[in-house]
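Report on the structure
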Amino acid sequence: QTKFAKYLDKTQFFAQYYNKPNSATEGAIARSCFQYFEPLHLKHSAGYWFLNGKRINLIAAVDFSYTLSLRSDYTAIAIVGIDADRNYYVLDIDRYKTKSIKEHFEHLLDLHKRWDFKKLIVEAVSGAVPLINELKESYLKPNGIILGIEEVKPTRHDGTKNERLKAILDPRYMNMQVWHSRHGNIQTLEDEL
């Protein structure tokens, strides 16, 4: 029998053997932390977005999946608005599977046309770097799309993807700083959270 199986309280196992008080597989964000905004209150005026009359700045973030099989992850693109009080509004999420750079571009272009975001944050792990460069050189520039791309390059010292997500998302949800739209892939997001 493994040491893990002998522990009735799995938190004690992770605390003792991994020096972590919580397992990365436990501790989902409670549904009571989910709050909602009404998309009808979103307005676009003079190149800026407003929610309930408050200006929000938009950022898009993408995690590319560049393999295509039954077990592959989805590529996910999220559009998030941030207001002056550091509230985060999940405006839109696009999820899809493809190996085609052209299809990645088409999804980005569709979201860019809809939301007019100026910055794209991309997780630039080894397999995604050629894809990012190809998107910039062969699709964005030739089509005149002005989009600042910030490449985030996590290291092993930053923790696993799940640990990084928990470190970023958990405090914001617990502080009631994140708001979801009531449309699109929000149910999928909430199920995964």
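These remarks concern the structure in this document.

Digging into the overall build of the protein
Check the secondary structure of the protein and you find six helices and nine strands. Residue burial in the protein is summarised as follows: out of 193 residues, 34% are buried. When contacts within the protein are restricted to residue pairs at least 6 apart in sequence, long-range pairs at least 24 apart make up 60% of them. Of the roughly 11,900 Å² that the protein leaves accessible, carbon and sulfur atoms contribute 54%.

With respect to the pattern of salt bridges
Oppositely charged side chains can pair when the atoms bearing their charge come close. A complete count under the given rule lists 14 salt bridges for this structure. A salt bridge links aspartate 92 to arginine 114, with the nearest nitrogen and oxygen atoms 2.3 Å apart. Separated by 22 residues along the polypeptide, aspartate 92 in strand E6 (residues 88-96) and arginine 114 in helix H3 (residues 101-115) bring together distant segments of the chain. In this structure, glutamate 150 and lysine 119 form a salt bridge, with 2.8 Å as the shortest nitrogen-oxygen distance. Remark: lysine 119 occurs in strand E7 (residues 119-123) and glutamate 150 occurs in strand E8 (residues 148-152); sequence separation between them is 31 residues. Owing to a relative accessible area of 34%, glutamate 150 belongs among the partly exposed residues under this scheme. Several salt bridges converge on common partners, so that one network encompasses Asp63, Glu123, Lys161 and Arg164.

Description of the nonpolar core
In terms of nonpolar packing, the biggest core is built from 30 residues, with Phe64, Ile79, Leu91 and Trp115 touching the most fellow members. Mapped onto this core, the elements with two or more residues apiece are strand E3 (48-51), strand E4 (54-63), strand E5 (75-82), E6, H3, E7 and helix H4 (128-140). Those residues in contact with isoleucine 79 that sit more than four places away from it in its chain are Leu58, Ile59, Ala60, Tyr89, Val90, Leu91, Asp92, Leu111, Trp115 and Phe117. In terms of nonpolar packing, the next biggest core, distinct from the first, is built from 10 residues, Phe34, Tyr88, Val90 and Ile186 among them.

Description of H4
Where H4 is concerned, the buried positions are Ala128, Leu131, Ile132, Leu135, Tyr139 and Leu140. Where H4 is buried, its residues contact H3, E7 and E8.

Here we look at the packing of H3 against H4
Relative to each other, H3 and H4 sit at 70°, their axes nearing to 10 Å. With respect to their mutual orientation, H3 and H4 come out roughly perpendicular. As for the relative orientation of H3 and H4, their crossing is right-handed in sense. In contact with Ile101, Lys102, His104, Phe105 and Leu108 of H3, H4 contributes Leu131, Glu134, Leu135, Tyr139 and Leu140. For the contact of H3 with H4, a count of residues per class yields seven nonpolar, one polar and two charged.

Re the environment of arginine 31
Position of arginine 31 relative to the elements: it lies in the loop between helix H2 (10-18) and strand E1 (35-36). Residues arginine 31 and aspartate 191 lie 160 residues apart in sequence; the distance between their C-alpha atoms is 9.3 Å.

A few points about the packing of aromatic side chains
Per the counting criterion, the structure on display carries five aromatic pairs. Measuring from centroid to centroid gives 5.1 Å for phenylalanine 105 and tyrosine 139, while their planes differ by 35°, and the two rings are tilted. You can see phenylalanine 105 sitting in helix H3 and its partner tyrosine 139 sitting in helix H4, a full 34 residues away along the chain. Through a chain of ring-to-ring contacts, three or more aromatic side chains come together here, namely Phe37, Tyr89 and Trp179. Geometry around tyrosine 74 places arginine 95 over its ring, the cationic atom sitting 4.1 Å from the centre. The lysine or arginine in question, lysine 97, covers the ring of tyrosine 74, its NZ or CZ lying 4.9 Å from the ring centre.

Points about the side chain of aspartate 94
Position of aspartate 94 relative to the elements: it lies in strand E6. Buried charged residue aspartate 94 carries no salt bridge. Nearest counter-charge: arginine 114, at 6.7 Å. In terms of polar contacts, aspartate 94 uses its side chain to reach the side chain of histidine 107, at 2.5 Å.

The rules we used
- Residues numbered from 1 in each chain as written.
- Predicted model: local features only at pLDDT ≥ 70, side-chain atom pairs only at ≥ 80, totals over all residues.
- Heavy atoms only, no water.
- Helix = DSSP H or I, 4+ residues; strand = E, 2+ residues; numbered from the N terminus.
- Buried < 20%, exposed > 50% of the residue type's maximum accessible area, 1.4 Å probe, protein only.
- Contact = heavy atoms within 4.5 Å.
- Areas by Shrake-Rupley, 256 points an atom, 1.4 Å probe, with all protein chains shown as cover.
- Salt bridge = Lys/Arg side-chain N within 4 Å of Asp/Glu carboxyl O.
- Core = buried A, V, L, I, M, F, W, Y, C linked by side-chain atoms within 4.5 Å.
- Axes fitted to C-alpha atoms, helices over the stretch in contact; angles between N-to-C directions.
- Parallel < 35°, antiparallel > 145°, perpendicular 65-115°, else oblique.
- Left-handed = near helix turned anticlockwise from the far one by under 90°.
- Nonpolar A, V, L, I, M, F, W, Y, C, P; charged D, E, K, R; others polar.
- Phe/Tyr/Trp six-rings, centres within 6.5 Å; stacked < 30°, edge-to-face > 60°.
- Lys NZ or Arg CZ within 6 Å of the ring centre and 35° of its normal.
- Lys, Arg positive; Asp, Glu negative; His and termini not counted.
- Polar contact = N/O pair within 3.5 Å; in protein donor to acceptor, adjacent residues only side chain to side chain.

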